[in-house]
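# Structural overview
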Amino acid sequence: MSIPTRTLGTAAPLTVSALGLGCMGMSEFYGTPDEAGGIATIHRALDLGVTFLDTADMYGPFTNEQLVGRAIADRRDEVQLATKFGNQRLPDGTRLGVNGKPEYVRAACDASLQRLGVDHIDLYYQHRVDKTVPIEETVGAMAQLVEAGKVRHLGLSEASAETIRRAHAVHPITALQTEYSLFTRDLEAEILPTLRELGIGLVPYSPLGRGILTGRLTPGSLEAGDSRNSAYFPRLNGEALEANLRLVDRIGAIAAEKGVTPGQLALAWVLAQGDDVAPIPGTRRIPYLEENVGAVAIELSSADLDGLREAVPADAVVGDRYGDLSTIDA
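Residues numbered from 1 in each chain as written. Predicted model: local features only at pLDDT ≥ 70, side-chain atom pairs only at ≥ 80, totals over all residues. Heavy atoms only, no water.

### Thoughts on helix α3 (residues 102-116)
Compared with an ideal rise of 1.5 Å per residue, which puts 15 residues at 21 Å, α3 spans 21 Å between its outermost C-alpha atoms and is within 8% of the ideal. Of the positions making up α3, those classed as buried are Tyr104, Val105, Ala108, Cys109, Ser112, Leu113, Arg115 and Leu116. Down the axis of α3, the buried set is contained in an arc of 165°. They therefore lie on one face. Where α3 is buried, its residues contact α2 (63-71), β5 (80-85), β6 (87-89), β8 (121-126), α4 (135-147) and β9 (151-157). Looking at the residues trailing α3, positive phi occurs at Gly117, about 70°. (Helix = DSSP H or I, 4+ residues; strand = E, 2+ residues; numbered from the N terminus. Expected span 1.5 Å × (residues − 1). Buried < 20%, exposed > 50% of the residue type's maximum accessible area, 1.4 Å probe, protein only. Arc of directions from axis to C-beta. Contact = heavy atoms within 4.5 Å.)

### Here's the deal with the nonpolar core
Ranked by size, the top nonpolar core spans 99 residues in total, and within it Leu21, Ile42, Phe52, Leu156, Ile164 and Leu213 carry the most contacts. Take this core: its biggest share by element is 7 residues, from helix α8 (residues 262-271). Ranked by size, the runner-up nonpolar core spans 5 residues in total, among them Tyr30, Ala56, Met58 and Tyr59. (Core = buried A, V, L, I, M, F, W, Y, C linked by side-chain atoms within 4.5 Å.)

### Structural notes on unusual backbone geometry
In this structure, Pro61 follows Gly60 across a cis peptide bond, with omega equal to -5°. Locating Pro61 in the fold gives a position in the loop between β4 (52-54) and α2. Positive phi, normally seen in glycine, also occurs at Phe29, with a value near 80°. Looking at where Phe29 falls in the secondary structure, it is placed in the loop between β3 (21-22) and α1 (35-48). Judged by relative accessible area, which is 16%, Phe29 ranks as buried. Positive phi is not limited to glycine here, since Arg210 has a value of about 60°.

Right under this line is the structure:
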């Protein structure tokens, strides 16, 4: 099937596939890494027209960029490549915190370019806002990367409306990456209107709620070592999970009526939020990728969208999306 494209940003526009691919889980966090499977999934994504690939230096750490680089080595021209800096880690995984210092921005970019094996990054995000460094200094350093030809477009991740405005005043911000799904809609109050006022695109991560919206995540279904088993994701554990699965059942009932899967319906809902929205569901398995791609063909009416919002009220989801929100710029 043909995947349509969408344009992120107006001052510095970037055209991407309407549906992207989050590559994080191929290397870390969601169980045993599977490099061969990840590369095969990326190749299948490109064959299907999913050309907007998302990684970060911290994933692995560092190994996910290398995996993506190997996967696209002979297909670079097909790809809109996004990566991130800012969540600083050591090779052994030790977390050093958030770093937005200009000298680190430059060093992190050079290291990412080397690991990816490319001469430029299409979309370079600050992964988390460093509250100890003025955003003007960080984005100023990022703008220098654009001037040097190392980066084409700039992005932020998990930034507040005020920070977005300040950053955009320094250099056009093409996209904000943040969590957005039927289960996470808090950005609709202030952040999404700010993005649209400024002409900034939205790249939702975890549009499937880290898998819960597919209907396949149930108590005991995750393998050992999967971070979703931990207290870091309160809504995916214990009584919260049981309560939230009842909401997923409502989505499943609507999906069954339409002849689609719950995950496809949840993705279709995100895609229907605007032509400036390009979600990046992550997977390392080709069958799940192909299922996700099927969401692009689903057309939802106003009545469908209203029905989903009624079935899953924004305040009905139990538990915070993260156990520790100290790194979120709010």
